[in-house]
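# Residue-level structure breakdown
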Amino acid sequence: MLKLNKMKEKRVLLAILLISFIVSGLFGVAPAQAETVSYASISVDGKLIKTSYYMQNDRLMVPDIFFKHTGATVDRNEKYQSIAIERNNIVALPLYKKYMDYYDKEKNKWIREYLATTTTTIDGRPYVPLLVTAQKLGMTVTYDSKIYRTFIQTNTPEANKTIAYEKAETTKKQIALTFDDGPDKLITPQILKILKEKGVPATFFVVGEQVSYFPQLAKQMVDEGHTIANHSWDHPELSKLYTSQVIQQLKSTNEIIEKVTGVKATLIRPPYGDFTPADALVFERLGFKNILWSVDTLDWSGTSAEEIMTILNRDKSPGGIVLQHNFQNSKLEGTVKALPQMIDQLRAEGYEFVTIDGLLAK
């Protein structure tokens, strides 16, 4: 009986070793456990970026998408189960493997380098080695042990940096009214009616999905002299998407705008004003100007007409861009009520209303 039990134990042990061998062969090492993840701020060209991270074999591992903050495009290749990060050179990091392949543009060839770490996933998000990846992409990484902080210099030439417009540099008393998130069947018609009655042009940053629901309202915007612009397909946080997903968000929205109105949108406002340097490069490559704002009415939060007027009077300026919304939301009653007051007061003060493209024409 004793010999029989020992034989069973050996078989169980052999089965466990066999499973471990198979897993090691397929994945390199076992995936890291979620409880090892911590959070810290990493400085990228002087800007602090908060990110999750974990240590693997004394190497700092960060989410793949973190590299978008350095201006690198990031994508996941499902066919090859690999993360591709590009900025000057290209780094390919296969999941669960202890090596990277990188394309050296100067040498015009792919090079394989074996690593002390394994690209793995935690809660569905791939984590990649920060130091070696950044170095292969032409960045400088340092660590200050006194303040426990990692610093990345992307070494991006000043001429290559993108522009985001919060306002126009002008002394003319011109101002642009903008409305995000529509069209919708409740707020948009009311705003269009007021603008038509007052003879005021505005800029509508539309969501592609909403245009598919209310194409006639999108067409009405253009027919009545307003500028129609891109606000993504379904309003995601672009910084959390892979580069190919960002491109799809913008292209699909422009396609439906052009199909419905005949106009090709050339302005983009990222949802929540959320974007990375990599996203900004995508905007530029697709022919968009990146538009933010200088007057935030906070109308989405239920701001009253009186509060909106207070914000306007505090933050208005020549070349200003006013942010409001036109999505089906009872909290936007303040926007509808304040709009005629805003127009009348600004006109009395000598302001001219222009669209964003008119504001930035020079």
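Quick caveat: nothing in here was measured; it's all calculated off a predicted structure.

All right, on to the nonpolar core then. Leu177, Phe179, Leu195, Phe204, Leu339, Met342 and Ile343 are the most contacted members of the largest nonpolar core, which totals 36 residues. Sorting the residues of this core by element identifies β14 (174-180), α3 (187-198), β15 (203-206), α5 (215-223), α6 (243-261), α8 (305-315) and α9 (333-348) as the ones contributing at least two each. It is α9 that contributes the most residues to this core, 6 residues altogether. Setting aside chain neighbours within four positions, we find Phe179 in contact with Ile191, Leu195, Ala202, Thr203, Phe204, Phe205, Gln324, His325, Asn326, Thr335 and Leu339. Counting residues in hydrophobic clusters, the runner-up holds 27 residues, among them Ile83, Leu95, Leu130 and Ile152.

Once that is clear, we can look at the packing of aromatic side chains. This model, assessed by the stated rule, comprises 7 aromatic pairs. Between Tyr103 and Trp110, the aromatic rings sit 5.5 Å apart at their centres with planes inclined by 50 degrees, giving tilted as the arrangement. Residue Tyr103 is classed as buried on the basis of its relative accessible area of 18%. Relative to Phe214, the ring of Tyr213 lies with its centre 6.4 Å away and its plane at 85 degrees, an arrangement referred to as edge-to-face. Stacked on the ring of Tyr99, the Lys or Arg Arg112 has its end atom at 4.0 Å from the ring centre. Its guanidinium or amino end placed over the ring of Tyr242, Arg125 lies 5.3 Å from that ring's centre, counting from NZ or CZ.

Attention shifts here to the pairing of β15. Burial of β15 is two-sided: the residues Thr203 and Phe205 facing one way and the residues Phe204 and Val206 facing the other way are all buried. Pairing between β14 and β15: 3 bridges, direction parallel. Paired with Phe179 across the two strands is Phe204, which belongs to β15. One ladder, built from 4 bridges, connects β15 with strand β16 (residues 227-230); its direction is parallel. Each residue of the ladder has a partner; that of Val206, found in β16, is Asn230.

Turning our attention to α5. Buried within α5 we find Leu217, Ala218 and Met221. Down the axis, α5 shows its buried residues gathered within 105 degrees of arc, on one side only. Across from the buried face of α5, at angles greater than 90 degrees, the exposed residues are Gln216 and Asp223. Buried residues along α5 sit in contact with α3, β15, α4 (208-213), β16 and α6. Two residues or fewer past α5, Gly225 is found with a positive phi of approximately 90 degrees.

Relative to the elements of secondary structure, Ser52 occurs in strand β2 (residues 47-56). The residues contacting Ser52, other than those within four sequence positions of it, are Val37, Ser38, Tyr39, Met61, Val62, Pro63 and Tyr127. Among the polar contacts made by the side chain of Ser52, one reaches the side chain of Tyr127 at a distance of 2.6 Å.

What follows concerns the confidence of the model for the protein. Predicted confidence across the protein gives a mean pLDDT of 91, with 90% of residues reaching 70 or more. With pLDDT under 50 throughout, residues 1-35 is counted as low confidence; its partners more than four residues away or in other chains account for 20 contacts.

As a further point, take unusual backbone geometry. What you tend to see is this: most non-glycine residues have negative phi, and most peptide bonds are trans. Cis geometry is adopted by the peptide bond preceding Pro183, which originates at Gly182 and carries an omega value of 0 degrees. Counting through the fold element by element, Pro183 comes out in the loop between β14 and α3. Non-glycine residue Asn88 carries a positive phi angle of around 70 degrees. For Asn88, the location among the structural elements is in the loop between β5 (82-87) and β6 (89-94). The phi dihedral of Tyr148 falls on the positive side, at around 55 degrees, and the residue is not glycine. When you line up the elements, Tyr148 lands in the loop between β11 (140-144) and β12 (149-153).

Basis of the calculations
Residues numbered from 1 in each chain as written. Predicted model: local features only at pLDDT ≥ 70, side-chain atom pairs only at ≥ 80, totals over all residues. Heavy atoms only, no water. Core = buried A, V, L, I, M, F, W, Y, C linked by side-chain atoms within 4.5 Å. Buried < 20%, exposed > 50% of the residue type's maximum accessible area, 1.4 Å probe, protein only. Helix = DSSP H or I, 4+ residues; strand = E, 2+ residues; numbered from the N terminus. Contact = heavy atoms within 4.5 Å. Phe/Tyr/Trp six-rings, centres within 6.5 Å; stacked < 30°, edge-to-face > 60°. Lys NZ or Arg CZ within 6 Å of the ring centre and 35° of its normal. Pairing = 2+ DSSP bridges. Arc of directions from axis to C-beta. Polar contact = N/O pair within 3.5 Å; in protein donor to acceptor, adjacent residues only side chain to side chain. pLDDT = per-residue confidence, 0-100.

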